[in-house]
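# Observations on the three-dimensional arrangement
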Amino acid sequence: MSAVNPAKPKPSGKHASQGGWKRQAAYLTMVLPGVIFLLMFAYLPMPGIVLAFKSYQMKVPGADSFFKNVFLNSLVTSPWNGLNNFTYLLKDAPMLIRNTVGYNLLFMVVGVILQVGLAVIINEMRNRKTAKVYHTIAFMPYFVSWIVVMYALYAMIAFNGFFNQIATSLGHEPIKYYGQKQYWPWIFLLANIWKYTGQGSIIYLATLTGFDEQLYEAGSIDGASKWQQFRYITLPQLMPTIVMLQILAVGRIFNGDFDMFYSLPNGSGTLRQVTTTIDVYVYDMLKKGNLRNSFGYAGAGAFFQSIVGFVLILVTNMIVKRHQPDMALF
Amino acid sequence: MTVLDKKEAKRLLKAEKKAEKHSQARNLISRRMNVFFNILLIVFCILIIFPLWIIIISSVTSESALTTYGYRLWPLEFSVSAYTYLFRDGSIILTAYKNTLIATVSGTVLSVITVGLYAYALSRPDFRFKKFFTFFSFFTMLFSGGMVSYYNMTRSVLGLKDTVWALFLPMAFSAYWVIIMRTFYQSTVPEAIIESARIDGSGEWRTLIQIVCPLAIPGFATVGLFSAIGVWNDFRNCLLINDSAKYFNLQYTIYQTMNNLRFLKENASRMGGVNVANLPAETFRMAMAVVTVGPIIMAYPFFQKYFVKGLTVGAVKG
């Protein structure tokens, strides 16, 4: 955490560094509202992760129940069922892991090329003003919710959508995109590029503008072309940032963009094989009211995601820390 | 004489500037490359704008033209009837707008206050429990209880089900913003100012409110804007926690409408005697998307620098 701390605290005596109890009390009151929020929305749900090992049975609390809340009471009274929930999960696991990890890897590889490319091009533009306009436009999708994207996508690929209008006017048969799996990996990839290229380029652009201008001057005097300058000056300097961001992205490889995967397919059941990531699966399970232990099964998925995600973040952070301590999370 | 001098001076200045520009130009990309990059970026920007363009155009097309000719680049028959339906009394979109506005304003204020306070304490080198509370907030970025537990805790244990609270309370505080804000305090509020205020007898709260706050306004703006956009664009919390259309936000309302024409028609019948058969369903939906995204598209260029700042600080740490 100290990595983000550019202003080093002044070394001072013990008295000054700790302050009186009054000061500590003031600081404690300052953190209190935040602590309440963290407790309510982050820490309170944590123990619920044990649902993964329970056969959830709803039980209305009686007079002698410790918890008067239905969920808490059921959580406590439901019997343990070992790894049964995970065995249930197992039959869908290959698909879920393929989708979640596969899409994430695809987004990472394509994303980094386009984001670095955009940053470099914007940085090289002769006219700063137009460069800024381009960047503002490229950044815009970051502010557009996935639900609005879902609408835009519908307008483009619906049966009477824009693409099919073009196709029919050229004499082709219209395509039912919402019923055909093979298009969806591409649709997700394009949607991801559309939404995140501008945003992702920001960090690279910020890094680029911090590079020493003299290196480029020297390069150009020695006759290096712009491409050579990019290849031998820009890229090597940018590499640490690129590598570290990618390693950190690996740490989140089991977390899908729920809003995107859930909303874009527009509830189409036939696409399930290529659109269900772990998050979507967990939500679908959760909502399966007719399934007796749906909370348990969904909980197993959530547990897998949380724990594997946690371990991955720790591991990747360790790697980052060894090579680039400034960029480590903690 | 003087006039001439002035002219001469101006000319010299211009020449100097030109020379300077020229020397800088040495290491610029070639003009041909520049044209190529411009074309590339213009195409890219068109692709970025295109999806939103289609939504806007279809929202101002007449329903019959849309049904007959489908989605086009340009409206074959112009009509704003979708928008007049949108703003009728009792329209579902008005309820959703009201909920979203309340949530966005409350959420933003709450975020700025809670994050501003929490991060300030963490930025103080003399806070004895700094390490603990840093970890306390940071840990939530690494580990979560998962969606199932969150779903039940927020709905039933915290009792947020079917309330406007559900639309902003869960998103009011984020460890990620704490990091941004703490970095901001540490880099822009000089330690000496705080020390001197303390020597002058100012308490911690007074120092924070009177001395630090005015300096930290750009930081508050960054956190506030991230929070506002998060609440405005929130879909997941509403999906998980609220079941009743009365408490839906914009995103979830338009999500429901897309997936479920019945939802639209049921709610349309409440819209003061609208004949359901006449409701311009497709254009109406597109108009909903336009009013959902409109305010944000209008506003973000003015606040862009705050987002850029926040993302640069948080890109790695987020």
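None of these values were measured; they are calculated from a predicted model.

Calculation criteria
Residues numbered from 1 in each chain as written. Chains lettered and ligands numbered in written order. Predicted model: local features only at pLDDT ≥ 70, side-chain atom pairs only at ≥ 80, totals over all residues. Helix = DSSP H or I, 4+ residues; strand = E, 2+ residues; numbered from the N terminus. Rg over C-alpha atoms; globule rule 2.2 N^0.38 Å. Buried ≥ 20, exposed ≤ 12 C-beta atoms within 10 Å, placed from the backbone. Contact = placed C-beta atoms within 7 Å. Nonpolar A, V, L, I, M, F, W, Y, C, P; charged D, E, K, R; others polar. Domains from an automatic or database assignment. Axes fitted to C-alpha atoms, helices over the stretch in contact; angles between N-to-C directions. Parallel < 35°, antiparallel > 145°, perpendicular 65-115°, else oblique. Left-handed = near helix turned anticlockwise from the far one by under 90°. Expected span 1.5 Å × (residues − 1). Bend = angle between axes of the 7 residues up to and from the residue. Core = buried A, V, L, I, M, F, W, Y, C linked by C-beta atoms within 7 Å. pLDDT = per-residue confidence, 0-100.

Right, let's talk about the overall build of chain A for a bit. Along its length, chain A carries 15 helices and zero strands. In terms of C-alpha radius of gyration, chain A reaches 26 Å, well past the compact-globule figure of 20 Å for 330 residues. When the backbone C-alpha atoms are referred to their principal axes, chain A occupies close to 85 × 80 × 30 Å.

Our focus in this paragraph is the overall build of chain B. Summing up its helical and strand segments, chain B has 15 helices and zero strands in all. For chain B, the residues scored as buried account for 46% of the 318 residues in total. Long-range pairs, those at least 24 residues apart, make up 74% of the contacts in chain B with a sequence separation of at least 6.

Take the interface of chain B and chain A next. Residue-level contacts link 89 residues of chain B with 95 residues of chain A. Secondary structure elements with two or more residues in the side of chain B that touches chain A: α2 (31–59), α5 (92–123), α6 (130–142), α7 (147–157), α8 (175–188), α10 (204–215), α13 (250–259) and α15 (281–317) of chain B. Top element by residues in the side of chain B that touches chain A is α15(B). It accounts for 15 residues. Across the side of chain B that touches chain A, the residue classes tally to 56 nonpolar, 24 polar and nine charged.

Before going further, it helps to examine unusual backbone geometry. Comment: phi is negative for the bulk of residues other than glycine, and the bulk of peptide bonds are trans. Although it is not a glycine, A:Asn266 adopts a positive phi angle of roughly 60°. Relative to the elements of secondary structure, A:Asn266 occurs in the loop between α12 (258–263) and α13 (272–275). The class of A:Asn266 is partly exposed, set by 18 C-beta atoms lying within 10 Å. With a phi close to 55°, B:Asp162 is a non-glycine residue in the positive phi region. Take B:Asp162: it is sitting in the loop between α7 and α8.

On to the domain arrangement of chain A, then. Residues and elements named next belong to chain A. Here chain A is partitioned into domain 1 (52–82) and domain 2 (86–327). Across the boundary between the two partners, domain 1 contributes four residues, which contact six residues of domain 2. When the residues that make up the side of domain 1 that touches domain 2 are grouped by side-chain class, the tally is two nonpolar, one polar and one charged.

This brings us to the domain arrangement of chain B. All names here are of chain B. Domain parsing of chain B yields domain 1 (14–82) and domain 2 (85–317). Across the contact, ten residues belong to domain 1 and ten residues belong to domain 2. Take the side of domain 1 that touches domain 2: its biggest share by element is four residues, from α2.

Residues and elements named next belong to chain B. At a minimum axis separation of 8 Å, α5 and α8 run at an interaxial angle of 55°. Judged by the angle between their axes, α5 and α8 are oblique. The two elements α5 and α8 meet at a crossing, and its hand is right-handed. In contact with Ser111, Val115, Gly116, Tyr118, Ala119, Tyr120, Leu122 and Ser123 of α5, α8 contributes Trp177, Val178, Met181, Arg182, Tyr185 and Gln186.

Residue and element names in this part refer to chain B. Taking 1.5 Å of rise per residue, the 29 residues of α2 would be expected to cover 42 Å, and the 41 Å separating its terminal C-alpha atoms lies within 8% of that figure. The largest bend in α2 amounts to roughly 40° and is located at Phe50, with the proline Pro51 lying one to four residues further along. Taken as a whole, α2 has its buried residues at Leu41, Phe44, Ile48, Pro51, Leu52, Ile54, Ile55, Ile56, Ile57, Ser58 and Ser59.

Moving on to the nonpolar core. Most often, soluble globular proteins have nonpolar side chains that are buried together. Ranked by size, the top nonpolar core spans 157 residues in total, and within it A:Tyr151, A:Ala155, A:Val282, B:Ile55 and B:Ala121 carry the most contacts. For this core, the element with the highest residue contribution is α5(B), accounting for 13 residues.

Let's shift gears to the confidence of the model for chain A. Residues and elements named next belong to chain A. Overall, the predicted model of chain A reaches an average pLDDT of 86, with 93% of residues at or above 70. When the elements of chain A are averaged for pLDDT, helix α1 (residues 14–18) gives the smallest value, 47, and helix α2 (residues 21–43) the largest, 93. Counting interchain partners and residues more than four positions distant, the pLDDT-below-50 stretch residues 1–17 has 21 contacts.

Extensive coverage of α7(B) is indicated by the burial of eight of its eleven residues. Where α7(B) is concerned, the buried positions are B:Met147, B:Val148, B:Ser149, B:Tyr150, B:Tyr151, B:Asn152, B:Met153 and B:Thr154. Each element contacted by the buried residues of α7(B) is listed here: α3 (70–77), α14 (278–286) and α15 (294–323) of chain A together with α12 (236–241) of chain B. One or two positions beyond α7(B), positive phi appears at B:Gly159, with a value near 65°.

Turning our attention to the packing of α14(A) against α15(A). Residues and elements named next belong to chain A. Running from amino to carboxyl end, α14 crosses α15 at an angle of 160°, the nearest separation of the two axes being 8 Å. Relative to α15, the element α14 is oriented roughly antiparallel. Like other packed secondary-structure pairs, α14 and α15 cross with a definite hand, here left-handed. Two secondary-structure elements touch here, α14 through Ile278, Tyr281, Val282, Met285 and Leu286 and α15 through Ser294, Phe295, Tyr297, Ala298, Gly301, Ala302 and Gln305. Classifying every residue of the contact of α14 with α15 gives nine nonpolar, three polar and no charged.

Residue and element names in this part refer to chain B. Relative to the elements of secondary structure, Met288 occurs in helix α15. Along the backbone, Met288 and Gln251 are 37 residues apart, and their C-alpha atoms lie at a distance of 9.6 Å. Sequence-distant contacts of Met288, that is, excluding residues within four places in its chain, are made with Leu86, Ile93, Ile254 and Thr257.

By the element assignment, B:Arg88 lies in the loop between α4 (81–86) and α5. Note on B:Arg88: 14 C-beta atoms within 10 Å, which makes it partly exposed.

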